[in-house]
Amino acid sequence: MRVIASSIRKGNIIEQDGKLYVVVSAENIHPGKGTPVSQIEMRRISDGVKVSERYKTTDQVEKATVEERNFTYLYEDGDGFHFMNPETYDQVQVSKDIVGDAAAYLQENMTVKLSLHEMNPIALQLPQRATLEVVDTEPVTKGQTASSSYKPAVLSNGVRTAVPPHITTGTRIVVMTEDGSYVERAKD
């Protein structure tokens, strides 16, 4: 399916020269003079090589037909990550380079969206938020106001983030899976 370059977004799959690429970032640039362009950074799915391309915003780009399905995360082993289709109970193995940084946020029975191209997994999308426990953070300093600054903390998945001063070790918090930023104290 051909689409104009300016409509390409992060996470889209593009087919170019017979190879598939996942879009890492897409930015539309409108200079004061000259032609508006779309700067697209993508990673080749077959070998993970990053490529940066610049298209005129009206150029046609081949968007690969990708099927998105919900899968349930089961476990990780030496071969990669294992997911199950909750409707058919089919299991799919996803390599570590496709999962990437998302690995830290995967939790047992978590529902994720897998992008499949000809039944091969090519991209993974996590839920926007994950609930994790704070395993290490600085103690509260007396006289520190709540509006002051955030303090560093380490979460149960090993990710470092910044939390408000009132959060203590052992507190369960909700974080954004995209960047690990603090959202709120967990309500459970």
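Located above this text is the structure these notes cover.
In this text, all values refer to a predicted model and were calculated from it rather than measured experimentally.

What follows deals with the layout of surface pockets. Here the largest pocket defines a volume of roughly 1100 Å³. Among the elements of the structure, strand 3 (19-29), helix 1 (96-99) and strand 11 (120-125) are those that each provide at least two residues to the lining of the largest pocket. For the lining of the largest pocket, the per-class residue count stands at 19 nonpolar, 8 polar and 8 charged.

Turning our attention to the packing of aromatic side chains. Per the stated rule, a full pass over the model turns up 3 aromatic pairs. Ring centres of Tyr73 and Phe83 lie 5.4 Å apart, and the angle between their planes is 55 degrees; on these two criteria the pair is classed as tilted. One end of the pair, Tyr73, is in strand 7 (residues 67-77); the other, Phe83, is in strand 8 (residues 80-84), with 10 residues separating them in the sequence. Here a set of aromatic residues connected by ring pairs shows up, and it is made of Tyr73, Phe81 and Phe83.

Below, the discussion takes up the sheet that holds strand 14 (residues 160-163). Spatial ordering of the open sheet is given by 14-13-12-15-16, a layout of 5 strands whose pairing is antiparallel. Unpaired on one side and paired on the other, strand 14 and strand 16 (182-185) mark the two borders of the sheet. In this sheet, adjacent strand axes meet at a mean angle of 50 degrees when their direction is disregarded. Here strand 12 (residues 129-137) pairs with strand 15 (residues 172-176) via 5 bridges, running antiparallel. Considered in strand 15, the bridge of Thr131 is made with Val174.

The residue Gln16 is located in strand 2 (residues 13-16) in this model. Apart from residues no more than four positions distant in its own chain, Gln16 is found in contact with Tyr21, Met42, Glu53 and Tyr55.

Attention now moves to the environment of Asp179. Looking at the secondary structure, you find Asp179 in the loop between strand 15 and strand 16. On the basis of relative accessible area, Asp179 is assigned to the exposed category, the value being 55%. Distance in space between the C-alpha atoms of Asp179 and Tyr75 is 23 Å, their sequence separation being 104 residues. A distance of 2.8 Å separates the side chain of Asp179 from the side chain of Ser181, its partner in a polar contact.

Counting 28 residues, the largest nonpolar core has Phe83, Leu106, Val112 and Ile173 as its most contacted members. Setting aside chain neighbours within four positions, we find Leu106 in contact with Tyr73, Phe81, Phe83, Val99, Val112 and Leu126. Counting 11 residues, the second-largest nonpolar core is a separate cluster that includes Ile14, Tyr21, Ile40 and Met42.

Of note, the phi angle at Asp17 is positive, near 55 degrees, even though the residue is not glycine. As for its placement among the helices and strands, Asp17 is situated in the loop between strand 2 and strand 3. A positive phi angle, close to 65 degrees, is found at Asn109, a residue other than glycine. As for its position among the elements, Asn109 is in the loop between helix 1 and strand 10 (111-117). Under the relative-accessibility criterion, Asn109 is labelled exposed at 54%.

Reading guide: rules and limits
Residues numbered from 1 in each chain as written. Predicted model: local features only at pLDDT ≥ 70, side-chain atom pairs only at ≥ 80, totals over all residues. Heavy atoms only, no water. 1 Å grid on protein atoms, 1.4 Å probe; cavity = no way out; pocket = protein on both sides within 12 Å on 5 of 7 lines; lining within 4 Å. Points joined across faces, edges and corners; volume = space filled by probe spheres on them. Helix = DSSP H or I, 4+ residues; strand = E, 2+ residues; numbered from the N terminus. Nonpolar A, V, L, I, M, F, W, Y, C, P; charged D, E, K, R; others polar. Phe/Tyr/Trp six-rings, centres within 6.5 Å; stacked < 30°, edge-to-face > 60°. Pairing = 2+ DSSP bridges. Axes fitted to C-alpha atoms, helices over the stretch in contact; angles between N-to-C directions. Contact = heavy atoms within 4.5 Å. Buried < 20%, exposed > 50% of the residue type's maximum accessible area, 1.4 Å probe, protein only. Polar contact = N/O pair within 3.5 Å; in protein donor to acceptor, adjacent residues only side chain to side chain. Core = buried A, V, L, I, M, F, W, Y, C linked by side-chain atoms within 4.5 Å.

Everything listed here is a matter of coordinates, which is why it stays silent on function.
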